[in-house]
Amino acid sequence: METRVAVVTGGNRGVGLEICRQLASNGILVVLTARDEEKGCQAVKALHQSGLSGVTFHQLDVIDRSSILLLVEFVRTKFGKLDILVNNAAIGGTTIDPERLSELLKQDPKASSQLDYFPQFISNEGVIKVLSDIDNLSDEKLKDVSGMFLKDFKDGNLEANGWQPVTSAYAVSKTLVNAYSRLLAKKHPLLEVCCVNPGFVKTDMNYGMGLISAEEGAKAPVRLALQELRGHSCLYFEQCEIAEF
Ligand SMILES: NC(=O)c1ccc[n+]([C@@H]2O[C@H](COP(=O)([O-])OP(=O)(O)OC[C@H]3O[C@@H](n4cnc5c(N)ncnc54)[C@H](OP(=O)(O)O)[C@@H]3O)[C@@H](O)[C@H]2O)c1
């Protein structure tokens, strides 16, 4: 079988690095991308030293269009195809006092892993209706939801208008990425597009407070990426289990 090619965003640390390791261990040619060239090259060097030679570095800042276009050109020229894209890069979007986060998680240990699941933290009926109506969802509607959130954030109206007040930017952006993924799945029926919550993973993002290792967290996204059977498009997974969007 022809060797498959994968691009992983935010591959220099955390879950992304572990996804690169596990994909490469399964014979996939991996383009490990990172916004910081030095950190990315170091990560690739460490993977090479562990015997995984099928990993290449390319710079990618997912919020920089010119950087995205350079990566596209690199993949097109070097491989002429792309089989797997793991859209892993993310930021928490806020500075959280680790002690406050710890208190929040003691009160509700499931809170972190549920941040990607919108009914848990958005009680704005209008927004829930728009995001749940996959048949009528569109890029414009996602932009409208994003605009409404930004306005309420700036005006100090998060709670009043049904948005979760803590880590709201992270939660809303994840919800919108998940919804956008469903749109992509609908627009491109020949592609398999799905979303995975890796679980509450011990990484820098949560100051190492997660419950499972990065190795464990990478298992579900890697399993889905390697799958050759079709039928997972438009689905959302909580680790390996299909869950409600
Ligand atoms: N950890 C959890 O409990 C948990 C739970 C649910 C979902 N997730 C999701 O799992 C994914 C990985 O999270 P993690 O815990 O591994 O986080 P992490 O350790 O903080 O790693 C985040 C990665 O994203 C990269 N990144 C951030 N902004 C970027 C940009 N603009 N362009 C390119 N790369 C960028 C970071 O690069 P730098 O090193 O340059 O900052 C880093 O490599 C994220 O999508 C996260 O939302 C994690």
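Residues numbered from 1 in each chain as written. Predicted model: local features only at pLDDT ≥ 70, side-chain atom pairs only at ≥ 80, totals over all residues. Heavy atoms only, no water.

Participant: Explain the sheet that holds strand 4 (residues 84-86) here, please?
Facilitator: Two modes of strand pairing occur in sheets, parallel and antiparallel, and in both the strands are linked by backbone hydrogen bonds. As summarised here, the arrangement of the four strands in space is 3-2-1-4, forming an open sheet in which the pairing is parallel. With one partner strand each, in any of the chains shown, strand 3 (55-59) and strand 4 form the two edges of the open sheet. Looking at each pair of strands side by side, their axes are set apart by 20° on average, direction ignored. Of the pairings in the sheet, the one linking strand 1 (residues 5-8) to strand 4 comprises three bridges and is parallel in character. By the bridge assignment for strand 4, Val-7 is matched with Leu-85. The sheet contacts of helix 3 (residues 65-78) involve strand 1, strand 2 (29-34) and strand 3, and relative to strand 3 the element is tilted by about 145°. (Pairing = 2+ DSSP bridges. Helix = DSSP H or I, 4+ residues; strand = E, 2+ residues; numbered from the N terminus. Axes fitted to C-alpha atoms, helices over the stretch in contact; angles between N-to-C directions. Contact = heavy atoms within 4.5 Å.)

Participant: In this structure, what is going on with the pairing of strand 3? I would like to understand it.
Facilitator: In summary, the side chains of a regular strand alternate between the two faces of the sheet. In terms of strand pairing, strand 2 meets strand 3 through five bridges, oriented parallel. Across the sheet, Ala-34 pairs through a bridge with Gln-59, a residue of strand 3.

Participant: Would you mind going over unusual backbone geometry with me for this structure?
Facilitator: Both trends apply: most residues other than glycine have a negative phi, and most peptide bonds are in trans. Unusually for a residue other than glycine, Tyr-207 sits at a positive phi of about 55°. Locating Tyr-207 in the fold gives a position in the loop between strand 5 (195-197) and helix 8 (214-226). A relative accessible area of 40% places Tyr-207 in the partly exposed class. Residue Cys-234 is not a glycine yet carries a positive backbone phi of 75°. By secondary structure assignment, the location of Cys-234 is in the loop between helix 8 and strand 6 (236-238). Residue classification places Cys-234 among the partly exposed positions, given a relative accessible area of 23%. (Buried < 20%, exposed > 50% of the residue type's maximum accessible area, 1.4 Å probe, protein only.)

Participant: Would you mind showing me how to read the site of the ligand here?
Facilitator: Near the ligand you find 27 residues, and of these Arg-13, Asn-88, Tyr-170, Lys-174 and Thr-203 are the closest. Here an oxygen atom of the ligand and a side-chain polar atom of Lys-39 are 3.4 Å apart. Of all the secondary-structure elements, those providing two or more residues to the shell around the ligand are helix 1 (14-25) and helix 7 (168-187). Of the residues contributing to the shell around the ligand, the split by class is 12 nonpolar, eight polar and seven charged. (Near = heavy atom within 4 Å. Polar contact = N/O pair within 3.5 Å; in protein donor to acceptor, adjacent residues only side chain to side chain. Nonpolar A, V, L, I, M, F, W, Y, C, P; charged D, E, K, R; others polar.)

Participant: Before we go on, may I ask you to explain the pattern of salt bridges in this structure?
Facilitator: Two side chains of opposite charge can pair, provided their charged atoms sit close to one another. Counted under the stated rule, the structure contains 10 salt bridges. The salt bridge partner of Arg-4 is Glu-228, with a shortest N-O separation of 3.6 Å. Of this pair, Arg-4 sits in the segment before strand 1 while Glu-228 sits in the loop between helix 8 and strand 6, placing them 224 residues apart in sequence. Ionic pairing is found between Asp-155 and Lys-151, a salt bridge with its closest N-O pair at 2.7 Å. With a gap of four residues between them, Asp-155 and Lys-151 both fall in helix 6 (residues 139-155), about one helical turn apart. Accessibility expressed as a relative area gives 53% for Lys-151, which makes it exposed. Put simply, Glu-2, Lys-81 and Asp-83 are held in one network by salt bridges that share partners. (Salt bridge = Lys/Arg side-chain N within 4 Å of Asp/Glu carboxyl O.)

Participant: Could you clarify how one ought to interpret the packing of aromatic side chains in this entry?
Facilitator: Summed over the entire model, instances satisfying the criterion amount to three aromatic pairs. Aromatic pair Phe-149 and Trp-163: ring centres 5.3 Å apart, planes at 75°, arrangement edge-to-face. Remark: Trp-163 occurs in the loop between helix 6 and helix 7 and Phe-149 occurs in helix 6; sequence separation between them is 14 residues. Each member of the pair, Phe-149 as well as Trp-163, carries the same accessibility label: buried. Among the aromatic residues, those joined into a cluster by ring pairs are Phe-149, Phe-153 and Trp-163. (Phe/Tyr/Trp six-rings, centres within 6.5 Å; stacked < 30°, edge-to-face > 60°.)

Participant: For this particular structure, what's the right way to read the nonpolar core?
Facilitator: Burial of nonpolar side chains together is a common tendency in soluble globular proteins. One finds Ile-19, Leu-23, Val-30, Leu-32 and Val-55 to be the most contacted residues of the largest nonpolar core, which totals 27 residues. Listing elements by their share of this core, those giving two or more residues are strand 1, helix 1, strand 2, helix 2 (37-49), strand 3, strand 4 and helix 8. Apart from residues no more than four positions distant in its own chain, Ile-19 is found in contact with Val-8, Val-86, Asn-88, Ala-218, Pro-221 and Val-222. (Core = buried A, V, L, I, M, F, W, Y, C linked by side-chain atoms within 4.5 Å.)

Participant: Would you mind showing me how to read the side chain of Asn-12 here?
Facilitator: If you trace the backbone, Asn-12 turns up in the loop between strand 1 and helix 1. Excluding residues that lie within four positions of it along the chain, Asn-12 makes contacts with Leu-17, Leu-32, Thr-33, Ala-34, Lys-39, Gly-40 and Ala-43.

Participant: I tried to follow the side chain of Asn-124 on my own but got confused; where do I start?
Facilitator: As for its position among the elements, Asn-124 is in the loop between helix 4 (98-107) and helix 5 (125-132). On the accessibility criterion, Asn-124 (15% relative accessible area) is buried. Apart from residues lying up to four places away in sequence, Asn-124 is in contact with Met-148, Asn-161 and Gly-162.

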